[in-house]
Amino acid sequence: SLCVCLHLFELFKRATRPKVMNIADPSAALNAHEDPRAALKAVGLRVTSPRVAALEALSGHGHFSVERLLDDVRKTLPTVSFQTLYGVLEALKSAGLVRKIEVGGHPALFELDHGDNHHHTVCRRCGAVEDTPCATQAPPCIHPPAGFAAEVTEVTFYGLCAECSQVSESTIAP
């Protein structure tokens, strides 16, 4: 009877798992900032108000914390909860519409996934996160060791941004 229970549980998990299509034409999702509804449909996600509001908030181009996104989403949908927004972001990330950036020591940030191959710079002093283009423009730009099947490559440069570097230089006595 334990085997029957485990089998039923597996069937239940499969039946309730969100069904997200892999998009045949990735360019359909790249324009999420222009038409969030069409982008959701293109990746097989149901069009819901929280998903549309999240994509519209992310279309401001930048890197957004969940708190900042929640503030923006609540301007149009005041009752949206953190839990709802986390679920929305996970669905959008799984569908390839949103990219999650995890910078050590900072809360996760989210941005629209435009399908380009770019990296990030993080200022250790002010915390600014900026996009920086990849030198090769074609993924993968860094090759893993033989036998390792890499799924994602994240390159993050840590240091001081131009503004913080100037402040550092001006505080050094000659």
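This is a predicted model, so every value here is computed, not measured.

K.L.:
Which residues make up the pairing of strand E3 (residues 109-112), and what values go with them?
P.N.:
Covered by surrounding structure in E3 are Leu109 and Glu111 together with Phe110 and Leu112, the residues of both alternating faces. Of the strand pairs in this sheet, strand E1 (residues 64-65) and E3 are connected by 2 bridges, and their pairing is antiparallel. Each residue of the ladder has a partner; that of serine 65, found in E3, is leucine 109. Looking at chain direction, strand E2 (residues 98-101) and E3 are connected through 4 bridges and run antiparallel. When the sheet's bridge partners are listed, arginine 99 is paired in E3 with glutamate 111.

K.L.:
Explain the side chain of serine 65 to me, using residue names and the numbers behind them.
P.N.:
Looking at the secondary structure, you find serine 65 in strand E1. We classify serine 65 as buried; its relative accessible area is 17%.

K.L.:
Describe the sheet that holds E2, with residues and values.
P.N.:
Ordered by their spatial adjacency, 3 strands build an open sheet running E1-E3-E2, and the pairing between neighbours is antiparallel. In the strand order of this sheet, the two ends are held by E1 and E2, each with one partner. Here helix H4 (residues 49-58) sits on the sheet in contact with E1, E2 and E3, set at roughly 90 degrees to E3.

K.L.:
Can you break down the pattern of salt bridges residue by residue, with the values?
P.N.:
Going through the model one piece at a time under the given rule, you end up with 3 salt bridges. The residue arginine 99 makes a salt bridge to glutamate 111 at a minimum N-O spacing of 3.7 Å. In this pair, arginine 99 is assigned in strand E2 and glutamate 111 in strand E3, connecting sequence segments 12 residues apart. There is no split in this pair, since arginine 99 and glutamate 111 are both buried.

Thresholds applied
Residues numbered from 1 in each chain as written. Predicted model: local features only at pLDDT ≥ 70, side-chain atom pairs only at ≥ 80, totals over all residues. Heavy atoms only, no water. Buried < 20%, exposed > 50% of the residue type's maximum accessible area, 1.4 Å probe, protein only. Helix = DSSP H or I, 4+ residues; strand = E, 2+ residues; numbered from the N terminus. Pairing = 2+ DSSP bridges. Contact = heavy atoms within 4.5 Å. Axes fitted to C-alpha atoms, helices over the stretch in contact; angles between N-to-C directions. Salt bridge = Lys/Arg side-chain N within 4 Å of Asp/Glu carboxyl O.

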